[in-house]
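Results of the structural survey
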Amino acid sequence: MKQIILSTVSCVLVIYASIAQTIPNAGFETWTKPFFTYDDPTGWGTSNALTIIASPTPASVFKATAGADVHSGSAACNIKTVAIAAGQNPLPGQLKDTLGLAFTGSLSFAAPYLNFGFPYTQRPDSLTFYAKYTPGGNGVDTAAAIVWLQNRNGASVDTIGLGFLQMLSSAVYSLKQVEIIYNPSFVGVNPDTAVIVLGSSGINQPQVNSSLFVDDMSFVFGPAGIEEPASNAATVSVYPNPANDVVTFKTVSSEAAAITVYDVSGKKINSGCIIL
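Overview of the structure. What you see is a predicted model, and the numbers here were worked out from it, not measured in a lab. (Residues numbered from 1 in each chain as written. Predicted model: local features only at pLDDT ≥ 70, side-chain atom pairs only at ≥ 80, totals over all residues. Heavy atoms only, no water.)

1. Re the overall build of the protein chain
When you go through the protein chain residue by residue, the secondary structure sums to two helices and 21 strands. Across the 276 residues in the protein chain, those meeting the buried criterion constitute 39%. Taking the contacts inside the protein chain whose residues are at least 6 apart along the sequence as the reference set, 62% of them involve residues at least 24 apart. With the model as given, the accessible surface of the protein chain reaches about 15,300 Å², and the carbon-plus-sulfur share is 58%. (Helix = DSSP H or I, 4+ residues; strand = E, 2+ residues; numbered from the N terminus. Buried < 20%, exposed > 50% of the residue type's maximum accessible area, 1.4 Å probe, protein only. Contact = heavy atoms within 4.5 Å. Areas by Shrake-Rupley, 256 points an atom, 1.4 Å probe, with all protein chains shown as cover.)

Quick look at the structure:
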């Protein structure tokens, strides 16, 4: 009975955490008008406020609804690189004149202007999402995704984990994975804030009209993007289950080589080789 009660409590805690600390509007289904007449994905700040203010610069982030531009649901996020009109960049020291940007957080017209992040206290292994990308200009541009897990201590910010992914041209949606590398100075320390930044161009030579589509974001605990053949689904048995200290894994597959064990919070607790 004790095991049943503890398992139930663990499930409740895990479910609560997943509800309270999900990526804001991860499927980009909800959009609002924070300023003027343009739309931004709810829970995200974008370069729209900057590029539209700098008339006659056009909007840079759009709600995508066409069938081929949406991975699932009814909408996705389309980020396009535009050039801010000469002398019109309202934050010249913080943002480049040519950009397309979306980030978790918000943008305001009072300092600190760019308010990055959302409350998050877990240590995922990676961020995954679906994306497709068309570089503009000379065709050699690259898009980028950044994950920054922070602990904010007053005016200082400790980097708990950081991930970066560069994306090349892709005509159709494909699964992307940003591996998060954790700072060895903060072993066992959880963040309090997560920041996700998406850019339609690289920093060095951004190209106007580069276009990035993003949909279906999620944090992943443990390996991601690995699909097991259906024929192997029943070739591994685990016993006893539940267990207190010793667990036996048995397989009849000739391909099995290693195993990794994660607890209910997604933390890696053990790994080793399978002796065939």
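So much for the structure itself; the text now carries on.
2. Focus on the pattern of salt bridges
On inspection of all chains with the given rule, the structure shows two salt bridges. The salt bridge involving Asp 39 is made with Lys 33; its shortest N-O contact spans 2.9 Å. For Asp 39, a relative accessible area of 28% gives the class partly exposed. Its relative accessible area of 52% is what places Lys 33 among the exposed residues. (Salt bridge = Lys/Arg side-chain N within 4 Å of Asp/Glu carboxyl O.)

3. Description of the sheet that holds strand 11 (residues 126–134)
Each strand in a sheet pairs with another by means of backbone hydrogen bonds, the pair being arranged parallel or else antiparallel. Strand order in the open sheet formed by five strands is 4-5-17-11-14, and the pairing between neighbours is antiparallel. Looking at which strands have only one partner, the edges of the open sheet turn out to be strand 4 (61–64) and strand 14 (170–179). Adjacent strand axes in the sheet meet at a mean angle of 30° when their direction is disregarded. Pairing of strand 11 with strand 14, which is carried by seven bridges, proceeds in the antiparallel orientation. Looking across to strand 14, one finds that Thr 128 is bridged to Gln 177. (Pairing = 2+ DSSP bridges. Axes fitted to C-alpha atoms, helices over the stretch in contact; angles between N-to-C directions.)

4. Quick look at the packing of aromatic side chains
Aromatic ring pairs are defined here through the distance separating the ring centres and the angle between the ring planes. This model, assessed by the stated rule, comprises four aromatic pairs. Here the basic side chain of Lys 132 rests over the ring of Phe 213, its NZ or CZ set 4.9 Å away from the ring centre. (Phe/Tyr/Trp six-rings, centres within 6.5 Å; stacked < 30°, edge-to-face > 60°. Lys NZ or Arg CZ within 6 Å of the ring centre and 35° of its normal.)

5. Observations concerning the pairing of strand 16 (residues 193–199)
On a regular strand, one side chain projects to one face of the sheet and the next to the other, so that they alternate. Of all seven residues in strand 16, seven are buried; the element is thus mostly enclosed. Bridge count for strand 8 (residues 101–107) against strand 16 is three bridges, and the pairing is antiparallel. Residue pairing across strands places Ala 102 opposite Leu 198, the latter belonging to strand 16. Where strand 10 (residues 118–119) lies against strand 16, two bridges are found, and the strand directions are antiparallel. Among the inter-strand pairings, Pro 119 is bridged to a residue of strand 16, identified as Thr 193. Bridge analysis of strand 12 (residues 143–153) against strand 16 gives seven bridges, and the strand direction is antiparallel. Pairing of Val 147 across the sheet is with Ile 196, part of strand 16.

6. A look at the environment of Ala 26
Residue position: Ala 26 is located in the loop between helix 1 (2–20) and strand 1 (31–32). If we ignore the near neighbours within four places in the chain, the residues touching Ala 26 are Asp 215, Asp 216 and Met 217.

7. Some remarks on the nonpolar core
Among the nonpolar cores identified, the biggest contains 33 residues, and Ile 23, Leu 127, Phe 129, Met 217 and Phe 219 are the most heavily contacted of them. For this core, the elements supplying multiple residues, two or more each, are strand 5 (76–80), strand 11, strand 12, strand 13 (156–167), strand 16 and strand 17 (211–220). With residues near it in sequence (within four places) discarded, Phe 129 still touches Ala 145, Leu 165, Met 167, Ser 174, Leu 175, Lys 176, Val 178, Val 214, Asp 215, Asp 216 and Met 217. Judged by nonpolar contacts, the second largest core, of 11 residues, contains Ala 49, Leu 50, Ile 84 and Leu 101. (Core = buried A, V, L, I, M, F, W, Y, C linked by side-chain atoms within 4.5 Å.)

8. Brief notes about the pairing of strand 11
Within strand 11, seven of the nine residues are buried, which leaves the element mostly enclosed by the surrounding structure. Sheet topology places strand 11 next to strand 17; eight bridges connect them, and they run antiparallel. Each bridged residue has a counterpart across the sheet, and for Ala 131 the counterpart in strand 17 is Val 214.

9. A short note on a nonpolar patch on the surface
There is a patch of nonpolar side chains on the surface, built from Ile 146, Trp 148, Val 157, Leu 162 and Phe 164 and spanning about 430 Å² of accessible area. Going through the elements one at a time, strand 12 and strand 13 are the ones with two or more residues in the nonpolar patch. Examining the composition of the nonpolar patch, we find that three residues originate from one element, strand 13, more than from any other. Look at Phe 164 and you get exposed, because its relative accessible area is 53%. (Patch = residues over 30% accessible without salt bridge, like charges linked within 9 Å, V, L, I, M, F, W, Y side chains within 5 Å.)

10. Overview of unusual backbone geometry
Within the chain, Asn 25 stands out as a residue other than glycine whose phi angle is a positive 50°. Locating Asn 25 in the fold gives a position in the loop between helix 1 and strand 1. Overall, Asn 25 belongs to the buried group, its relative accessible area being 17%. One non-glycine residue, Phe 28, lies in positive phi territory at about 55°. Tracing the chain through its elements places Phe 28 in the loop between helix 1 and strand 1. You can call Phe 28 buried: its relative accessible area is 0%.

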